[in-house]
Amino acid sequence: MAKFSIGIDYGTESARALLLNLDTAEEVASSTMNYPHGVMDERLPDGTVLPQDWALEHPDDYIEVLKKIIPDVIMKSGVNKDDVVGIGIDFTACTMLPIKKDGTPLCDLPEYKSNPHAYVKLWKHHAAQPEANMLNKIASERGEDFLARYGGKISSEWLIPKIWQILNEAPDVYEEADKFIEATDWVILKLTGNERRNSCTAGYKAIWHKRKGYPSNEFFKALDKRLENVVDEKLSRDIYPLGTKAGELTEEMANMIGLKPGIAVAVGNVDAHVSLPAVGVASPGKMVMIMGTSICHVVLGDKEVEVPGMCGVVEDGIVPGYYGYEAGQSAVGDIFAWFVDNCVPDGYKKEAEERGISVHQLLTEKASKLKPGESGLLALDWLNGNRSVLVDADLTGLILGLTLRTKPEEIYRALIESTAYGTRMIIDTFNEYGIKIDELYACGGLPEKNPMLMQIYADVTNLEIKVSKSNQTPALGAAMFGAVAAGKENGGFDSIFEAAKVIPKLKDETFKPILENVEIYEKLFQEYKLLHDYFGRGANDVMKRLKNIKEVVSDVREPKTTCI
Ligand SMILES: Nc1ncnc2c1ncn2[C@@H]1O[C@H](COP(=O)(O)OP(=O)(O)O)[C@@H](O)[C@H]1O
Ligand SMILES: O=C(CO)[C@H](O)[C@H](O)COP(=O)(O)O
């Protein structure tokens, strides 16, 4: 009798469940649900207004979606629920929340309902940049060796800046919280009743090292004396490797989501990292791009080297036995969404509607007719800051070369190109510092949605791009880890390597660089690099000064005196 595993991918806007047949490697059914509260970046459910750079979610949504998408995949597939042997999840990260000892999120307590700090801080919450700046300054002055493992800087997206922001702006929330926890670990706590923090988020987002643990209490004290014992008081030193079984599905949760109690549940994982084995990559030299709202770039290495501006290198952080490297771009699809939502004339919207296509598709169709370089435009892709290689959320976007004749599709294409240049910067930096990238693999929503974009990436990087056959690659990876938690004796796998040999599939069609485009894009990329270094490396901090003026004028937060 065939056995099945369920993978749940918690994305930025929605969660997706995938039911995987472990005998045939077939993706039997999937189901998606948007989070009822969505991303809260302007106000809380009760109307409380949020300052700029905030991005919150409601933790109740993470359980709510399970009640729909799990019964849905069982119903659609007609599979007997008793044949499901494993569950794995992956999440965006660092997506964190304050909870009470029993797991109750603070925002669910009536007295904290209107306090933004009591909610989930989503990965793209960038309002902890002052704390990140200060952390980097202090760590660098103290010669903390962990900085090198994170490309020289800790991002404002990561856990410690976010916790410190809570302490600074809402000390009562800090006090009231018994724990701060990654959302991926919180969902596992809800599913199994066990707090089993995973090594991936601990390593990439919480400055934890397999052999060295967290930074010292002295370091935390140097940040703020109230943080001296933050690890023991608010986090945990018990960290579990990926592929470990976190526990078994509790009766209460099983009843709620329509599954059998006792199913093996894997420790939580991250959407980017979980995708690498899901495209069949289990050795160095092959970079996987998870392309959607943002892009995460992950690659394995057999040594630990310091690559400037990478998000992190974590031993066993992706699969056991290798150093997992991560880099990323904080906004990619989000930039195109911004353009579509804010900068497209009504005529375009009308045309798209009449033809029954999305505005993205219409713009892409028009932009496909342009040759590289034809628009005379060059853009910087920092509309949500720069995660790699500059690690600076205070940088902003730029479009150069506009004229009175510039068309929306030209800007759309220039924005796509700018994100491809951002990826090329990352690849070049890895190559330069000894992590060779010989092959590119892609998964996520964008390869499905936009072949023109994929061709531009192949031309800009001059690398052939292989694409995952699954349109739910992170969920597939999560299901594979769920099957590893179940173990071979229950119809699963003994290791993620075993699973990676038989489950993943790639599309036959690949995106191959086109020589004449490669040549033009090489010239354009050199121009991008000039702009990148001029605005991003301190020659002209105008972007930060503008942001500072904006903050003072909007009176949201004290002006930042230093930008590091
Ligand atoms: N045809 C398109 N071309 C380029 N980008 C698109 C297109 N359609 C949607 N998008 C962008 O894709 C992103 C969503 O990507 P997806 O991978 O589905 O989600 P997520 O990153 O949340 O997992 C959105 O930011 C949206 O703007
Ligand atoms: O930083 C991350 C992983 O390390 C985030 O999870 C990621 O950037 C969010 O991705 P998306 O919404 O595009 O799936």
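Rules behind the numbers
- For every chain, the first residue of its written sequence is number 1, and the numbers climb from 1 along that sequence.
- Labels are handed out in written order, letters beginning with A for the chains and numbers beginning with 1 for the ligands.
- The predicted nature of this model means local features are confined to residues of pLDDT at least 70 and side-chain atom pairs, given and counted, to a pLDDT of 80 or more, with totals for whole chains, interfaces and linings taken over all residues.
- Think of the side-chain values as coming from all heavy atoms in the structure, minus any hydrogens and water.
- UniProt positions are given in the numbering used here, feature names are shortened, and annotations may be inferred rather than shown by experiment.
- The way it works is that DSSP assigns letters per residue, a run of H or I at least four long becomes a helix, a run of E at least two long becomes a strand, and they are numbered from the N terminus.
- A radius of gyration in this sense is built from C-alpha atoms; the matching globule rule multiplies 2.2 Å by the number of residues raised to 0.38.
- Only protein chains enter the area calculation, which uses a 1.4 Å probe; residues under 20% of their type maximum are buried, those over 50% are exposed, and those in between are partly exposed.
- Residue contacts are counted whenever heavy atoms from the two residues lie within 4.5 Å of one another.
- We get accessible surface area from the Shrake-Rupley algorithm with a probe of 1.4 Å; when it comes to residues, only the shown protein chains can shield them.
- In this tally, Asp and Glu contribute negative charge and Lys and Arg positive charge; neither His nor the terminal groups of the chain are included.
- Positions of charges follow a simple convention, taking NZ of Lys, CZ of Arg, CG of Asp or CD of Glu.
- Here the term patch refers to residues with relative accessible area over 30% and no salt bridge, with like charges joined within 9 Å and nonpolar side chains (Val, Leu, Ile, Met, Phe, Trp, Tyr) within 5 Å.
- Think of a salt bridge as a Lys or Arg side-chain nitrogen and an Asp or Glu carboxyl oxygen that are within 4 Å of each other.
- Only heavy atoms are used to decide nearness, and a residue is near a molecule or strand if one of them lies within 4 Å of it.
- We define a polar contact as two N or O atoms separated by no more than 3.5 Å, with the added condition that, inside protein, one atom must be a possible hydrogen donor and the other a possible acceptor, whereas residues neighbouring each other in sequence contribute only through side-chain atom pairs.
- Amino acids are sorted into nonpolar (Ala, Val, Leu, Ile, Met, Phe, Trp, Tyr, Cys and Pro), charged (Asp, Glu, Lys and Arg) and polar (every other residue, Gly among them).
- Stacked, edge-to-face and tilted labels apply to pairs of Phe, Tyr and Trp rings (six-membered ring for Trp) whose centres lie within 6.5 Å, assigned for plane angles under 30 degrees, over 60, and everything in between, in that order.
- Comment: the charge-over-ring label is applied if NZ (Lys) or CZ (Arg) is within 6 Å of the ring centre and within 35 degrees of the ring normal.
- Reported domain spans reflect what an automatic or database domain assignment gives.
- Accessible-area loss on putting two parts together, using a 1.4 Å probe and summing over both, is the definition of buried area adopted here.

- The name given to the protein chain in an unreviewed UniProt entry is Ribulokinase, with the source organism recorded as Thermoanaerobacterium butyriciformans.
- Per UniProt, the protein chain carries the Sequence similarities (unreviewed entry) text "Belongs to the ribulokinase family."
- Checking UniProt for the protein chain, the heading Pathway (unreviewed entry) contains the comment "Carbohydrate degradation; L-arabinose degradation via L-ribulose; D-xylulose 5-phosphate from L-arabinose (bacterial route): step 2/3."

1. As for the overall build of the protein chain
Alright, step 1. The helix and strand inventory of the protein chain stands at 21 helices and 21 strands.
Alright, step 2. The C-alpha atoms of the protein chain give 23 Å as radius of gyration, which agrees with the globular expectation for 564 residues (24 Å, within 12%).
Alright, step 3. Taking the principal axes of its C-alpha atoms as reference, the protein chain extends roughly 65 × 55 × 50 Å.
Alright, step 4. Counting over 564 residues, the protein chain shows a buried share of 60%.
Alright, step 5. Partitioning the contacts of the protein chain with sequence separation of at least 6, the portion at a separation of at least 24 is 72%.
Alright, step 6. For the protein chain, the exposed surface amounts to about 21,300 Å²; the carbon and sulfur share of it is 49%.
Alright, step 7. Taken as two groups, the 63 positive and 84 negative side-chain charges of the protein chain have centres that lie 2 Å from each other.

2. Examining a nonpolar patch on the surface
Alright, step 1. A surface patch of nonpolar side chains, about 330 Å² in accessible area, is lined by Leu546, Ile549 and Val553.
Alright, step 2. Here valine 553 shows up in helix 21 (residues 542-554).
Alright, step 3. Residue classification places valine 553 among the exposed residues on the basis of a relative accessible area of 68%.

3. What about the UniProt feature "domain: Carbohydrate kinase FGGY C-terminal" (unreviewed entry) in the protein chain?
Alright, step 1. Feature annotation in UniProt assigns "domain: Carbohydrate kinase FGGY C-terminal" (unreviewed entry) to the following positions: residues 288-486.
Alright, step 2. End C-alpha atoms of residues 288-486 are separated by 26 Å, and the span's content is 42% helix alongside 18% strand.

4. Observations concerning the site of ligand 2
Alright, step 1. Near ligand 2 there are 13 residues, and of these Thr12, Ala93, Lys205, Ser294 and Glu326 occur at the shortest range.
Alright, step 2. Contact between ligand 2 and aspartate 271: an oxygen atom at 2.9 Å from a side-chain N or O atom of the residue.
Alright, step 3. Measuring from an oxygen atom of ligand 2, one finds a side-chain N or O atom of glutamate 326 at 2.6 Å.
Alright, step 4. Coverage of ligand 2 by the protein amounts to 93% of the 380 Å² it exposes when considered alone.
Alright, step 5. Here the shell around ligand 2 is built from residues that sort into 4 nonpolar, 5 polar and 4 charged.

5. A word on the site of ligand 1
Alright, step 1. Neighbouring ligand 1 are 15 residues, the closest being Thr293, Gly333, Gly445, Lys449 and Asn450.
Alright, step 2. In the environment of ligand 1, an oxygen atom lies 2.6 Å from a nitrogen or oxygen atom belonging to the side chain of lysine 449.
Alright, step 3. Here a nitrogen atom of ligand 1 and a side-chain polar atom of asparagine 450 are 3.0 Å apart.
Alright, step 4. Computed on the free molecule, ligand 1 has an accessible area of 590 Å², of which 80% lies beneath the protein chains in the complex.

6. Some remarks on the pattern of salt bridges
Alright, step 1. All told, the structure shown has 35 salt bridges when counted by the stated rule.
Alright, step 2. Two residues, arginine 237 and aspartate 232, come together in a salt bridge whose shortest N-O distance is 2.9 Å.

7. Some words on the packing of aromatic side chains
Centre-to-centre distance and the angle between the planes together describe a pair of aromatic rings.
Alright, step 1. The full count for this structure, using the stated rule, is 16 aromatic pairs.
Alright, step 2. A centroid spacing of 6.1 Å and a plane angle of 20° characterise the contact between phenylalanine 525 and tyrosine 528, whose relative ring orientation is stacked. Placement of both phenylalanine 525 and tyrosine 528 in helix 20 (residues 515-536) is noted, with a separation of 3 residues, approximately one turn of the helix.
Alright, step 3. Among the residues examined, phenylalanine 525 registers a relative accessible area of 0% and is labelled buried.
Alright, step 4. Ring pairs connect the aromatic residues Tyr10, Tyr35, Tyr62 and Phe91, which therefore count as one cluster.
Alright, step 5. When the ring centre of tyrosine 174 is taken as reference, the NZ or CZ atom of lysine 234 above it lies at 4.7 Å.

8. A short note on the domain arrangement of the protein chain
Quoted interface sizes are often the accessible area lost when the parts come together.
Alright, step 1. Domain boundaries assigned for the protein chain yield domain 1 (4-273 + 472-502) and domain 2 (333-419 + 513-554).
Alright, step 2. Computed over C-alpha atoms only, the centres of domain 1 and domain 2 are separated by 31 Å.
Alright, step 3. In this assembly, 13 residues from domain 1 lie in contact with 11 residues from domain 2.
Alright, step 4. In total, about 1,000 Å² of surface goes out of reach between domain 1 and domain 2, with carbon and sulfur atoms giving 39% of it.
Alright, step 5. Our count for the domain 1 to domain 2 interface comes out at 3 salt bridges.
Alright, step 6. The partner of glutamate 157 in a salt bridge is arginine 387, and the shortest N-O contact between them spans 2.9 Å.
Alright, step 7. For the pair domain 1 and domain 2, the number of links is 7 residue pairs in polar contact (both at pLDDT 80 or more).
Alright, step 8. Here the side of domain 1 that touches domain 2 is built from residues that sort into 3 nonpolar, 6 polar and 4 charged.

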